[in-house]
Amino acid sequence: MNELVDEERKVGQSSRPRPESAPSDQPMVLFEEVQKSYDGETLVVKNLNLRLERGEFMTMLGPSGSGKTTCLMMVAGFEPATHGEIYLDGQPINSVPPHKRGIGMVFQNYALFPHLTIAENLAFPLEVRGFDKAEREKKVQRALDMVQMGEGGFHGRRPAQLSGGQQQRVALARALVFEPELVLMDEPLGALDKQLREHMQFEIKHLHESLGVSVIYVTHDQSEALTMSDRVAVFNDGVIQQLASPEELYEKPENSFVAQFIGENNTLVGKIRSINDGIARVLLNDGEEVMALAINAGPGERTQLSIRPERVEIDPDESVTDHTVTGRVEEVIYLGDHIRTRMTVADNSAFVVKTRNRLGARRFKAGESVRVGWATEDCRALDHGD
Amino acid sequence: MASSRKTSRAPILAADGTPLKQALHRSQRAERRRAFALVAPLLFFLLIVFVVPILAMIWRSVYNPEIRGYLPQTAAALQEWDGEDVPPEPVFQAMAADMIVGIENRTIGRAAARINREIPGARSTVMRTARKVDGWSAPYREKFLDADGDWANLELWHILKRESRLLTPTYYLLAVDYEYNSKGEIAPRPEIYQVYTGLFFRTAWMSILITLICVVLAYPISYMLATQPTRIANLLLILVLLPFWTSLLVRTSAWIVLLQQQGVINELLVAVGVIGDDGRLRMIYNRTGTIVAMTHILLPFMVLPLYSVMKTIPPSYLRAAKSLGAHPFRAWWRVYFPLTVPGLAAGCILVFILAIGYYITPALVGGDSGIFISNLIAQNMQGSSAQLKLAAALATILLVAVLIVYWVFNKLVGVDRLKFG
């Protein structure tokens, strides 16, 4: 990884020249049947197989304790895999110590060295790689420019003298300054306030695009994952529940966990009576019958129907929806650009409908009884969940 | 812009027209008084038991009132003396007058004892003459010289003149193995009396050695304490602190049991056959004993500041350094070690300063080669040969040495950066 990258290359150019010898068809990272246990009794990561392509931005998303950070630490080399092999650029790395992996890493609390100045922090990885002083200064300046910290006299300051957002940028620059091909990020935006976090999401995304590095990004914030990633791996209980693009993840969740975890979701509980051509007829708790796409529940099984709030129509036109069910309005919340109507549908009192706030749109009142409907393709019959 | 420049020139006023600073000062007065009232008892206590005794000790180490107090006229008359020959009549006359007063007040014996300390045997000269002097009349010079030949001894007069100064460096000279020779010049003492300088240096290097051993032992222990889960760390910390729960004397005696020639370790080594019965190791009543026992006693003072500093260093720093390509040792040296320096420095200065003034352990297990300067200070404070002023001078030198060490330390590390726990 000490390969010198062409000095003339300008920051912002999208293609990264690679050493001639590197086999470019190898995936950046490959997990093969990886298992991890800390105590020998329970598995934190269960039989993980995962492929990260070159230049890909992949997010590991999941609740805390789902194994996502453990996976990241195994790639970085701070946790050994209990079983299985991890390949970096085609090479098995289980026995390679962290400092020889050449992977850039951004830590949760930045881990900037408090006793070194910003310039010294950035020069650290260059120093250990034996770059001479002039070259170090050049690269440090370039990395700081990259995160918009090149000017303003930040070089000589200590990390404690910077704001959280500035520290975050420095940490990012430090992970990129030695031009690694793979960068790991462990909830790097967790400590920032919402506005700054959203701003940094775009900056990281743009850096990824312009540098062409591969990124594994760990977060528990699903909107962050959807905004930034090429693909998202949703973790739960040590297993990847679904690995897909943000769009597919939101539109086509493959199980009830993903449907619940990503975005807002309405759940109706019922039982599948029959499946015909991939369309399930589902008997809801209150006796009404609806149709849904059969995803991972079979005939006779209990099922959770997943419908996104913005796909539900109130008093729908028969041509748009296949059928309607009865709902009772519980609460109407005005949110400016849209209106949320909470209602009870088939015993579920948390059924939410989002409607665009158009001119002349009808406002409902609590207690009113309405018909709601949706297209069959927007309703997915998933596993029961328990 | 204009208004802010204006306000910075003129003092800002409070609502009632008084300057804001004054108003602030007044509003905080009660607060300040309360704060002072809270610290006052401790301040008073420290003044009485710490500052005053130390100042008294320093004063005592140079204060030399005897000759001037008991032989005031002689002291005054000697100022005129050129020191070339036996003093002229006025000096003897003054001496006679002082002796008469001295006999009356029963203070002549103390003056004689003081002179005797400088010239052994001078006490009898003074006392014998003093008993006769009442019957004499002027001129005195001949009668003094007839009564005792020692009055012709120039050295006696030189000493009387020198010691009639109110402040004297005599005890400091003694404390660094120098003295006034018969000609009144400062010269090294005879070699067999030279004990203090060597002992100061021994105290210093043994304290440094003990500090270094403590560093070597405490650093890994503290690292382990700081990185273990809390439950294990607390247990280990109790083990480290266990020595504090037993009396110093008991611990030191335990070392005697272990290390003496008929002790546990020697018996074990003989039984195993590592050493022969006649080759038993001498591990106590010498330097080894002092170093072993003191290292054990002072170790917690190194562990605690190190541990408290290491606990605050997140493990992600080392991980970050490694992920940036640094070999584990380099990561430790460039990132972890510099962050532990405040604790390390605090531990070092604590252990060193405690060690350099240590008394009881060297006294019990030090033998001859393992005693410290404080043992001689103590010796000079006890018994019939007590020389309190010499003890005071030695203690003052020790105090100054410690202050210098502290000052150098402050220059090197910065005391405000130290973390004691």
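Analysis parameters
- Residues numbered from 1 in each chain as written.
- Chains lettered and ligands numbered in written order.
- Predicted model: local features only at pLDDT ≥ 70, side-chain atom pairs only at ≥ 80, totals over all residues.
- Helix = DSSP H or I, 4+ residues; strand = E, 2+ residues; numbered from the N terminus.
- Rg over C-alpha atoms; globule rule 2.2 N^0.38 Å.
- Buried ≥ 20, exposed ≤ 12 C-beta atoms within 10 Å, placed from the backbone.
- Contact = placed C-beta atoms within 7 Å.
- Expected span 1.5 Å × (residues − 1).
- Bend = angle between axes of the 7 residues up to and from the residue.
- Domains from an automatic or database assignment.
- Nonpolar A, V, L, I, M, F, W, Y, C, P; charged D, E, K, R; others polar.
- Pairing = 2+ DSSP bridges.
- Axes fitted to C-alpha atoms, helices over the stretch in contact; angles between N-to-C directions.

Some words on the overall build of chain B
In terms of helices and strands, chain B carries 21 helices and two strands. Rg of the C-alpha trace for chain B: 32 Å, well past the compact-globule value of 22 Å for 421 residues, more than 25% over. Projected onto its principal axes, the C-alpha coordinates of chain B cover approximately 100 × 90 × 40 Å. Burial analysis of chain B (421 residues in total) assigns 30% to the buried set. Summarising the internal contacts of chain B: among those between residues at least 6 apart in sequence, 66% fall at separations of at least 24.

Re unusual backbone geometry
One non-glycine residue with positive phi stands out, namely Gln148(A), at about 60°. Mapped onto the secondary structure, Gln148(A) falls in the loop between helix 3 (133-146) and helix 4 (164-176). In this structure Gln148(A) comes out as exposed when scored by C-beta crowding, with 12 C-beta atoms within 10 Å. The residue Tyr285(B) is not glycine, and still its phi comes out positive at about 60°. Among the secondary structure elements, Tyr285(B) is positioned in the loop between helix 15 (264-272) and helix 16 (287-311). Judged by the 19 C-beta atoms lying within 10 Å of it, Tyr285(B) falls in the partly exposed class.

Looking at helix 16 of chain B
Residue and element names in this part refer to chain B. Taking 1.5 Å per residue, 25 residues should reach 36 Å; helix 16 reaches 35 Å between its end C-alpha atoms and fits that length. Leu298 marks the point of greatest bend in helix 16, at about 40°, and the proline Pro300 comes within the next four residues. For helix 16, the tally of buried residues reaches 20 of 25 residues, placing the bulk of the element in the interior.

Considering the domain arrangement of chain A
For chain A, the assigned domains are domain 1 (29-251) and domain 2 (264-380). Of note, the centres of domain 1 of chain A and domain 2 of chain A, computed from C-alpha atoms alone, are 40 Å apart.

Overview of the interface of chain A and chain B
Interface size is commonly expressed as the accessible area that is lost once the parts come together. Residue-level contacts link 17 residues of chain A with 16 residues of chain B. Ranked by residues supplied to the side of chain A that touches chain B, first place goes to helix 2 (residues 118-128) of chain A with three residues. Broken down by class, the residue content of the side of chain A that touches chain B amounts to 12 nonpolar, four polar and one charged.

So, the sheet that holds strand 8 (residues 214-219) of chain A
Residue and element names in this part refer to chain A. With mixed pairing, six strands are arranged side by side in an open sheet as 6-7-8-3-9-10. Taken across any chain shown, the strands that pair with only one partner, and hence form the sheet edges, are strand 6 (104-106) and strand 10 (239-244). Ignoring strand direction, the axes of neighbouring strands in this sheet form an average angle of 15°. Sheet analysis places strand 9 (residues 231-236) next to strand 10, joined by five bridges and oriented antiparallel. Along strand 10, the bridge assignment pairs Phe235 with Ile240. Contacts between helix 4 and the sheet are confined to strand 6 and strand 7 (182-186), with strand 6 contributing the most and set at about 165° to the helix.

A short note on the sheet that holds strand 19 (residues 369-374) of chain A
All names here are of chain A. Pairing is antiparallel across the open sheet formed by five strands, whose spatial order is 15-19-16-17-18. Bordering the open sheet on either side are strand 15 (313-314) and strand 18 (348-356), each of which pairs with just one other strand. Sheet topology places strand 16 (residues 323-334) next to strand 17 (residues 338-345); seven bridges connect them, and they run antiparallel. Across the sheet, residue Val332 finds its bridge partner in strand 17, namely Thr341.

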